[in-house]
Every structure is written in C-alpha cells, then in structure tokens.
Amino acid sequence: MVRFCKNFKRRVNRVRYKIGHNKAFGKLRLSVFRSERHIYAQIIDDNLGRTLCAASTLEKSFGKSNKTSNCDAATKVGKMIAEKAISAGIKEVVFDRGGYSYHGKVAALANGARGGGLLF
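Conventions and cut-offs
- Residues numbered from 1 in each chain as written.
- Predicted model: local features only at pLDDT ≥ 70, side-chain atom pairs only at ≥ 80, totals over all residues.
- Heavy atoms only, no water.
- Helix = DSSP H or I, 4+ residues; strand = E, 2+ residues; numbered from the N terminus.
- Rg over C-alpha atoms; globule rule 2.2 N^0.38 Å.
- Buried < 20%, exposed > 50% of the residue type's maximum accessible area, 1.4 Å probe, protein only.
- Contact = heavy atoms within 4.5 Å.
- Areas by Shrake-Rupley, 256 points an atom, 1.4 Å probe, with all protein chains shown as cover.
- Axes fitted to C-alpha atoms, helices over the stretch in contact; angles between N-to-C directions.
- Left-handed = near helix turned anticlockwise from the far one by under 90°.
- Nonpolar A, V, L, I, M, F, W, Y, C, P; charged D, E, K, R; others polar.
- Salt bridge = Lys/Arg side-chain N within 4 Å of Asp/Glu carboxyl O.
- Pairing = 2+ DSSP bridges.

A. Layout of the overall build of the protein chain. Looking only at helices and strands, the protein chain features three helices and four strands. Each helix and strand of the protein chain, placed in order from N terminus to C terminus, yields the pattern α-β-β-β-α-β-α. Since a compact globule built from 120 residues should have a radius of gyration of about 14 Å, the 14 Å found for the protein chain is in line with a globular shape. Out of the 120 residues belonging to the protein chain, those deemed buried represent 38%. Across the protein chain, contacts joining residues at least 24 apart in sequence account for 59% of those joining residues at least 6 apart. Accessible surface for the protein chain amounts to roughly 7700 Å². Of this, 52% is attributable to carbon and sulfur atoms.

Here it is, written out as structure tokens:
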C-alpha cells in the first residue's frame, strides 16, 4: 500500500509540474478527485490559492436516486461544473487529472465539462 501511495504522489507531482510550467501559466485549473463512491471537481486559482467553484455527486442538485460511482455520474458532474464556471465568467481552464489515468470516470468528467462549454 505504501508503494502505491508513493507512486501516486509522483504522478500527481509530475502532472502538476507539466500543467504549471509548460502549458498553463496564469490559467485556472480544473482539478478532479475520485473515490470509490463519488467524484469531485473544482476550479482552482493557484495564484490566489482559492477554489472558485466546485461540483460533486454529493450535492443535492445531483439527486439521491442516481448512481454516484459510474461514468454517467461523472459526465453529469462535468456538466454541473461547466455550468457553474460559465455563470462565474470562467471559459477556459486546464484539466488536472491528478494521479488518475485519463480513462473511464475521469475522461467522462472531462467530456461532460467540454460538452457544457468549458475549453481545455
């Protein structure tokens, strides 16, 4: 277990380094966290150290009857974060997948955010 955590932290640091130094100087970051049961997304301004908007499967607007741990739920969270971002005046972000591979729920969230109007 310790080895997994160490490698995961390495991947997180590698992805954040590439985002911060090569592509996204001064842009906002769409960060993704996923657990066994839920998925979370937040838009972060690293210059201010502040979360500007967030969405997850735990919100009341998501609904209780829906499944919270599949790709459909991730797509819905992506659309929710895109709506909140556009209403806050945010149009372009950089996608931070953290240490997760761009596959399954993470890719579904990204596609939902793109479908909602966010640009990566």
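B. Focus on the packing of helix α2 (residues 71-87) against helix α3 (residues 105-116). Where α2 contacts α3, the axes come no closer than 7 Å and their chain directions differ by 40°. Handedness of the crossing formed by α2 with α3: right-handed. Along its contact with α2, which presents Cys71, Ala74, Thr75, Val77, Gly78, Lys79, Ile81, Ala82 and Ile86, the element α3 presents Lys105, Ala108, Leu109, Gly112, Ala113 and Gly116. Residues of the contact of α2 with α3, tallied by class, amount to nine nonpolar, four polar and two charged.

C. Region of interest: the pattern of salt bridges. If you walk through the whole model with that rule in mind, you get five salt bridges. The shortest N-O distance in the salt bridge between arginine 29 and aspartate 96 comes to 2.8 Å. Of this pair, arginine 29 sits in strand β1 (residues 28-34) while aspartate 96 sits in strand β4 (residues 93-96); the two residues are 67 residues apart in sequence, bridging distant segments of the chain. Judged by its relative accessible area of 11%, arginine 29 is buried.

D. Summary view of the pairing of strand β3 (residues 50-56). Across six bridges, the pairing between strand β2 (residues 39-45) and β3 is antiparallel. In the strand pairing of β3, tyrosine 40 is matched with serine 56. Count of turn residues in the β2/β3 antiparallel hairpin: four residues, of which glycine 49 carries a positive phi of about 70°.

E. Quick look at the sheet that holds β3. One open sheet holds the four strands; their spatial order is β3-β2-β1-β4, and the pairing between them is mixed. With one partner strand each, in any of the chains shown, β3 and β4 form the two edges of the open sheet. Averaged over all adjacent pairs, the angle separating strand axes in this sheet is 25°, with direction ignored. Sheet topology note: the β1/β2 ladder contains six bridges and is antiparallel. Each bridged residue has a counterpart across the sheet, and for leucine 30 the counterpart in β2 is isoleucine 43. Set on the sheet, α2 makes contact with β1, β2 and β3; between it and β3 the angle comes to about 140°. With respect to the sheet, α3 is in contact with β1, β2 and β4, its orientation differing from that of β1 by roughly 140°.

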